[in-house]
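Here is how the chains run, residue by residue.
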Amino acid sequence: MQHVQLERLLSEMTMDEKIGQLLQISGDFYSTTAQERTGPMSQLGLTEREIANAGSVLGVGGAAECRRIQTEYMARHRLHIPTLFMGDVIHGYRTIFPIPLGLASSWDVDAAAQMARISARESAVSGLFLTFSPMVDLVRDPRWGRVMESTGEDPRLNAEFARAMVRGYQGGDLRNDVERVAACVKHFAAYGAPVGGRDYNTVDMSERELRDMYLPGYRAAIEAGAKTVMTSFNTVNGMPASGNKHLLRDILRKEWGFDGALISDYEAVRELVTNGVAQDDEQAAKLAIEAGVDIEMMSVCYLRHLRDLVESGRVDCAIVDEAVMRVLELKNDLGLFENPLRGADEGRERSVVLSDEHRAAARDIAGECVVLLKNGAGILPLHADVPASIALAGPCATSHDLLGAWSWQGRQKETVSLAEGLLARHPHAVTVARESCDYDDPSPAAIAEAVDMARSASVVVLALGETSDMSGEAASRSDIRLPHGQIDMLRAVRAVNPNVVVVLFNGRPLDLTEVDREARAIVEAWFPGTEAGRAVADVLVGATNPSGKLTMSFPRTVGQVPVYYNSCSTGRPYEAKPREKYVSKYLDVANDPLYPFGFGLSYSTFSYGPVTVSGAEFDDRHPLRVDVSIANTSDVDGVEIAQLYVRDLVGDAVRPVKELKGFSRVRIAAGSSVTVTFSLTPDDVRYVHPDLAFTSDPGEFDIMVGPDSRHLSSPIRVVLKS
Ligand code: BGC
């Protein structure tokens, strides 16, 4: 449709029809069984007419169901306006990929784009038009369960992943490419910084910090063309995001020029009342619509009150029209007026969803995401030449709970367990524990069996971790160690066999201090998705050489949290002299994390040569070229992720001690070397100044290169000319 046709359509709509477009309700309301519908209907007090007028649907998947709902309800709508199916496809639809925090550990943005491309294809043939992804909340607190959905603690990396995912979901021609879906970047804004890591809690930070660290990810997604934005549950500097005019109108709309649709998070408009910034639902509706929220998800403040608010002149009708127009435009951008069923196709659904090709991609990508945290005495990869030499035990050994918390359509029964993966590789060398083993409290029998197996095996693989519901939404933890029972099991096994390889399946950085003490090797596998067991077995046996590196620091203890690599200089930096006092440090633990940002080992060994820079000065016309030669000094081909960090020595605001400004994922054949080249421009070192100007500071900078944020070359001083 042309814009004029949309305007005509808008002019033909009644106020109720307009408000209907601003309502999103869940799939239950469209169920064919009265029993499933009556509960939700009475809860929200919806009538059949209101359901027929609702503009979008949350969480329905399946081509047949989406086709049925679209056909039936378009016919019931007076103007036959199609509905819009939205859902949470966060790291895969039915073929599940690693959780985003795992995906980010690949530092492979093309892999993220491929994940999004495949997710889009599976979603689209199953009837979805839009996914609530990417989630780009910057995170520094692993107590917060939703760190699993994020790509980590670095704004630059987050922005790169955000762009790649939007590209993968939407492609270049959303209207005609019916196997793509619209993206929705969330949760705007700063949802990743709740006080104490407790979900839904207050967020309060300076405007400078917000803009410098937290906003770049959302902005990158919008610049990449993300069609929609979702507000967050939290308050931002005193006002919940869904009523926050400054965030939504001033920054998002005016400054960034975002003209797509803005949707609230689940019931977040209604929560303006529980937050205590609105007296009742009516005031909540007024706050949200005036702040710029177009679609209200799963609460009915707009539905019940917008009409009165407009008729009494308390809300300008133009604001409502503007919101409705954005929804119509979104539908039009998806081509729904011409093709209301889009890609929904039961035949294609059968062949595309969970296809061998998609599973193969999930396996490869999951392999790239594994982070080898420790490999004492080169115990990995496993040698499997001796029968029954490898014992596999622990709560995650045979578990299929490996998809992660956001795998709505994923099925555990389609997921490969570690036992299945390892046995397929080495049927004779691997023995698997038979006792059922609880995550919280492995029974004495399970521990005794593991100890028994450990006595006769050369290596014990202990698969430990969290269940998927221990991370994700509403799953904050104050103690981020493994459950005590698992540590007991590890200790008992270690007491009889020192060759313990711990494989971890979990959704957040954990405090691994005790595990690090006991285990010879540690493999961080995250929640790897459908192909979990195969991908992790590939790594354990050396068919895949691990290359993943952390994008979020692993603390030594929860008491250090938040601990992140790009912290600011203090006036009293700690120089690691034991009895030094009156410096910024803890009395009882080191300042740095156990495993730092950017860290991860490989079966190859890499050696970094001297770093060279193209000059002592740089400016807009003369970017700096930074070269480093990296040698693979082992006899195994491998992939290294080289990282460039910069420190701005004197700024208008206090600057981080280091900031990631470039990275390169390079394959280096055994025994050979490659030269990695980075470029640094004045744009790369811009930041938000105290007056909120986004500029750079002329003057001195230190350049450092290395395999992670801790092991860096000695700084090379350069000058940015004014
Ligand atoms: C979550 C969102 C999600 C929405 C819809 C909310 O509870 O915070 O991330 O997209 O539900 O399922």
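Residues numbered from 1 in each chain as written. Predicted model: local features only at pLDDT ≥ 70, side-chain atom pairs only at ≥ 80, totals over all residues. Heavy atoms only, no water.

1. Comments concerning the overall build of the protein
Point 1. Helices and strands together make up the secondary structure of the protein, namely 22 helices and 26 strands.
Point 2. The globule rule puts the C-alpha radius of gyration for 722 residues at 27 Å, and the 26 Å found for the protein is close to it.
Point 3. With the C-alpha coordinates aligned to their principal axes, the bounding extent of the protein is approximately 75 × 65 × 45 Å.
Point 4. Relative to its full complement of 722 residues, the protein shows a buried share of 61%.
Point 5. A separation of at least 24 residues holds for 78% of the contacts in the protein among residues at least 6 apart in sequence.
Point 6. Surface exposure of the protein reaches about 26300 Å², of which carbon and sulfur atoms provide 48%. (Helix = DSSP H or I, 4+ residues; strand = E, 2+ residues; numbered from the N terminus. Rg over C-alpha atoms; globule rule 2.2 N^0.38 Å. Buried < 20%, exposed > 50% of the residue type's maximum accessible area, 1.4 Å probe, protein only. Contact = heavy atoms within 4.5 Å. Areas by Shrake-Rupley, 256 points an atom, 1.4 Å probe, with all protein chains shown as cover.)

2. Quick notes on the pairing of strand β3 (residues 84-87)
Point 1. Alternating residues of β3 divide into Leu84 and Met86 and Phe85 and Gly87, and every residue in both groups is buried.
Point 2. As judged from the three bridges shared by strand β2 (residues 56-58) and β3, these two strands associate in the parallel manner. Note that in β3 the partner of valine 57 across the bridge is phenylalanine 85.
Point 3. Handedness of the crossover joining β2 and β3 through helix α5 (residues 63-76) is recorded here as right-handed.
Point 4. Pairing geometry for β3 and strand β4 (residues 130-131), over two bridges, is parallel. Counted as the bridge partner of methionine 86 is leucine 130 from β4. (Pairing = 2+ DSSP bridges. Right-handed = clockwise from strand over helix to strand, strands pointing away.)

3. Comments concerning the state of the cysteines
Point 1. If you walk through the whole model with that rule in mind, you get zero disulfides.
Point 2. With no disulfide of its own, cysteine 184 has cysteine 66 as its nearest cysteine by sulfur position, at a separation of 17 Å.
Point 3. This cysteine, cysteine 301, is not joined by any disulfide, and cysteine 184 carries the nearest cysteine sulfur, 19 Å off.
Point 4. According to the relative accessible area criterion, cysteine 301 is buried, its value standing at 0%. (Disulfide = S-S within 2.5 Å.)

4. Observations concerning the site of the ligand
Point 1. As a structural note, the neighbourhood of the ligand is formed by 13 residues, with Asp88, Arg146, His187, Asp265 and Glu473 the closest of them.
Point 2. For the ligand, an oxygen atom lies 2.7 Å from a polar atom in the side chain of histidine 187.
Point 3. Aspartate 265 places a side-chain nitrogen or oxygen 2.6 Å from an oxygen atom of the ligand.
Point 4. Expressed as a share of its isolated accessible area of 310 Å², the protein-covered part of the ligand is 92%.
Point 5. Partitioning the shell around the ligand into residue classes produces seven nonpolar, one polar and five charged. (Near = heavy atom within 4 Å. Polar contact = N/O pair within 3.5 Å; in protein donor to acceptor, adjacent residues only side chain to side chain. Nonpolar A, V, L, I, M, F, W, Y, C, P; charged D, E, K, R; others polar.)

5. Some remarks on the sheet that holds strand β13 (residues 430-432)
Point 1. One open sheet accounts for six strands, arranged β11-β16-β15-β14-β12-β13; its pairing is mixed. Lying at the two open borders of the sheet, with one neighbouring strand each, are β11 (371-375) and β13. Taking each pair of neighbouring strands and ignoring which way they run, the sheet shows an average axis angle of 20°.
Point 2. The sheet contacts of helix α19 (residues 444-456) involve β12 (390-393), β13 and β14 (459-465), and relative to β12 the element is tilted by about 170°.
Point 3. This element, helix α22 (residues 532-541), spans β14, β15 (500-505) and β16 (521-524) of the sheet and lies at about 155° to β15. (Axes fitted to C-alpha atoms, helices over the stretch in contact; angles between N-to-C directions.)

6. Some thoughts on the domain arrangement of the protein
How large an interface is tends to be reported as the accessible area lost when its parts come together.
Point 1. Per the domain assignment, the segments making up the protein are domain 1 (356-560) and domain 2 (606-720).
Point 2. The gap between the C-alpha centroids of domain 1 and domain 2 is 34 Å.
Point 3. Contact residues are listed per partner, giving five residues for domain 1 and ten residues for domain 2.
Point 4. With both chains or domains summed, domain 1 and domain 2 bury close to 510 Å², and 38% of this area falls on carbon and sulfur atoms.
Point 5. If you sort the residues of domain 1 by the area they bury against domain 2, Asn545, Ser547 and Lys549 come out on top, with a joint share of 81%.
Point 6. Applying the counting rule to domain 1 against domain 2 returns two salt bridges.
Point 7. Ionic pairing is found between glutamate 640 and lysine 549, a salt bridge with its closest N-O pair at 3.0 Å. (Domains from an automatic or database assignment. Buried area = accessible area lost by both parts, 1.4 Å probe. Salt bridge = Lys/Arg side-chain N within 4 Å of Asp/Glu carboxyl O.)

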